[in-house]
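Structure assessment
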Amino acid sequence: MKKQFKNRHRMLESFGYEFAVHCPNCNEKSKVISPEAPYYTDAIKRFICTSCGLMKEKIPDKNCFNQNVISYGNSWRDGFINIGGNYDWYFGYPLYLQAPCCGHTLWAYNIEHLCYLEEYVEAELRGPSPYYLSVESRLPIWMKIAKNRNAVLKAINKIKHGLLSIK
Ligand SMILES: [Zn+2]
């Protein structure tokens, strides 16, 4: 039987509660935690590295309408919450779950996000018309096409194995 992926219409934002990142001090796996949605104002964002003990806290800047300012895309803009690149949204630290793939970079915020991508890419049958803002509708073409399926799954596996090797 062919593997199926049922659209769950999850937005990228729904995976942003935790980011596995490289610590800017020791380069080890560390994390940025944000239980609240990015548009939620005055919420403290935390960075924690259990390897070297570095900790940081930050409250995102607001605009004159008292709203958080969010930028979508893959270039970093200071003073914004930056959604869409291979870094966390608040501090801009490089994601830990990354691997080169098909001339691009495959990345995920956390293990749940990575497994979601894996399930989607693995599926030979995909649900029709996903919500236009969902992760599945916004994935780059190179991740969606059948000829890249094995390469993408290999990259996902490589990331998973890298995680398993951490003490
Ligand atoms: Zn560290």
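In this report, we go over the structure that sits alongside the text.

Here is what the cut-offs are and how they apply
- Per chain, residue numbering runs from 1 following the sequence as it is written.
- Since the coordinates come from a predicted model, pLDDT governs what is reported: local features require at least 70, and pairs of side-chain atoms require 80 or more to be given and counted, while whole-chain, interface and lining totals use all residues.
- As a rule here, side-chain values cover all heavy atoms of the structure and leave hydrogens and water aside.
- To obtain an axis, a line is fitted to C-alpha atoms, over the contacting stretch when the element is a helix, and the angle between two such axes runs from 0 to 180 degrees between their N-to-C directions.
- Per the convention used, a helix needs a DSSP run of H or I reaching at least four residues, while a strand needs a run of E reaching at least two, with both numbered from the N terminus.
- By the definition adopted for this analysis, an angle is roughly parallel if under 35 degrees, roughly antiparallel if over 145, roughly perpendicular if from 65 to 115, and oblique otherwise.
- The hand of a helix crossing depends on one turn: near helix anticlockwise from the far one by less than a right angle means left-handed, and clockwise means right-handed.
- The contact definition used throughout considers only heavy atoms, calling two residues in contact when any of these lie within 4.5 Å.
- Three residue categories are used. Nonpolar comprises Ala, Val, Leu, Ile, Met, Phe, Trp, Tyr, Cys and Pro, charged comprises Asp, Glu, Lys and Arg, and polar comprises the others, including Gly.
- Two rings from Phe, Tyr or Trp (for Trp, the six-membered ring) form a pair when their centres are within 6.5 Å of each other. A pair whose planes differ by under 30 degrees is stacked, one over 60 is edge-to-face, and the rest are tilted.
- The classification of residues rests on relative accessible area computed with a 1.4 Å probe and restricted to protein chains. Under 20% of the type maximum is buried, over 50% is exposed, and intermediate values are partly exposed.
- Whether a charge sits over a ring comes down to the Lys NZ or Arg CZ being within 6 Å of the ring centre and within 35 degrees of the ring normal.
- Only nitrogen, oxygen and sulfur atoms qualify as donors, and only when within 2.8 Å of the metal (3.2 Å in the case of Na, K and Ca); with water excluded, sites may look incomplete.
- Geometry is assigned from the angles between donors: four donors with all angles from 85 to 135 degrees make a tetrahedral site, four or six donors whose opposite pairs exceed 155 degrees while the rest stay between 65 and 115 make square planar or octahedral sites respectively, and everything else is labelled irregular.
- Pairing between strands is defined by DSSP: at least two bridges between the two strands are required.
- Here the expected length of a helix is defined as 1.5 Å per residue gap, with one fewer gap than residues.
- Counted as a polar contact is a pair of N or O atoms within 3.5 Å, where, for protein atoms, one must be capable of donating a hydrogen and the other of accepting one, and residues adjacent in sequence contribute only when both atoms are in side chains.
- His is not counted here, nor are the chain ends, while Lys and Arg score as positive and Asp and Glu score as negative.
- Salt-bridge detection follows one rule: a side-chain nitrogen of Lys or Arg within 4 Å of a carboxyl oxygen of Asp or Glu.

Axis separation between helix α1 (residues 111-122) and helix α4 (residues 149-164) bottoms out at 10 Å; the angle between their running directions is 155°. In terms of their interaxial angle, α1 and α4 are classed as roughly antiparallel. Here α1 runs over α4; the crossing is left-handed. Taken together, the residues of α4 that come into contact with α1 (itself represented by Ile 111, Leu 114, Cys 115, Leu 117, Glu 118, Val 121 and Glu 122) are Arg 149, Val 152, Leu 153, Ile 156, Ile 159, Lys 160 and Leu 163. The residue inventory of the contact of α1 with α4, partitioned by class, reads 10 nonpolar, no polar and 4 charged.

A word on the packing of aromatic side chains. Going through the model one piece at a time under the given rule, you end up with 11 aromatic pairs. Here the aromatic rings of Phe 19 and Tyr 90 are separated by 6.3 Å at their centres, their planes lie at 85°, and the arrangement is edge-to-face. Taken together, the positions of Phe 19 in strand β2 (residues 18-22) and Tyr 90 in the loop between β7 (81-83) and β8 (97-101) put the pair 71 residues apart, joining distant regions of the chain. Each member of the pair, Phe 19 together with Tyr 90, is buried. Three or more aromatic residues joined by ring pairs make a cluster, and in this case those are Phe 19, Trp 89, Tyr 90, Trp 107 and Tyr 109. Over the ring of Tyr 116 we find Arg 10; its NZ or CZ atom is 5.9 Å from the centre of that ring. The ring of Phe 91 is capped by Lys 58, whose NZ or CZ atom sits 5.6 Å from the centre of that ring.

Next up on the list: the coordination of the zinc ion. Every protein donor of the zinc ion is accounted for by Cys 23 (SG), Cys 26 (SG), Cys 49 (SG) and Cys 52 (SG), and the metal-donor separations fall at 2.3 to 2.4 Å. Coordination at the zinc ion is tetrahedral: its 4 donor atoms span angles of 105 to 116° at the metal. Coordination of the zinc ion draws on donor residues from a single chain, spaced C-x2-C-x22-C-x2-C in sequence. The buried category is assigned to Cys 49, whose relative accessible area is 3%. A relative accessible area of 33% places Cys 52 in the partly exposed class.

Pairing of strand β4 (residues 45-48) with strand β5 (residues 55-58), which is carried by 4 bridges, proceeds in the antiparallel orientation. When the bridges of β5 are listed, Arg 46 appears paired with Glu 57. With antiparallel pairing between neighbouring strands as the criterion, β4 and β5 make up a hairpin whose turn holds 6 residues, including Gly 53 at a positive phi of roughly 90°.

The terminal C-alpha atoms of α1 lie 16 Å apart, and with 12 residues this matches the ideal 16 Å at 1.5 Å per residue to within 8%. Listed in full, the buried residues belonging to α1 are His 113, Leu 114, Tyr 116, Leu 117, Glu 118, Tyr 120 and Val 121. The inward-facing, buried residues of α1 abut β1 (4-5), β9 (104-108), β10 (125-126), α2 (135-138), α3 (141-144) and α4. The N-cap residue of α1 is Asn 110: its side-chain oxygen and the backbone nitrogen of Glu 112 are 3.2 Å apart.

Below, the discussion takes up the side chain of Asp 88. Tracing the backbone shows Asp 88 in the loop between β7 and β8. One buried charged side chain, Asp 88, makes no salt bridge at all; its nearest oppositely charged neighbour is Lys 58, positioned 7.2 Å away. For Asp 88, the side chain forms a polar contact with the main-chain nitrogen of Tyr 90, separated by 2.8 Å. Apart from the residues lying within four places of it in its own chain, the contact partners of Asp 88 are Phe 19, Val 21, Val 32, Trp 76, Asn 82, Tyr 93 and Leu 95.

Remember, this is a structural readout, not a statement about activity or role.
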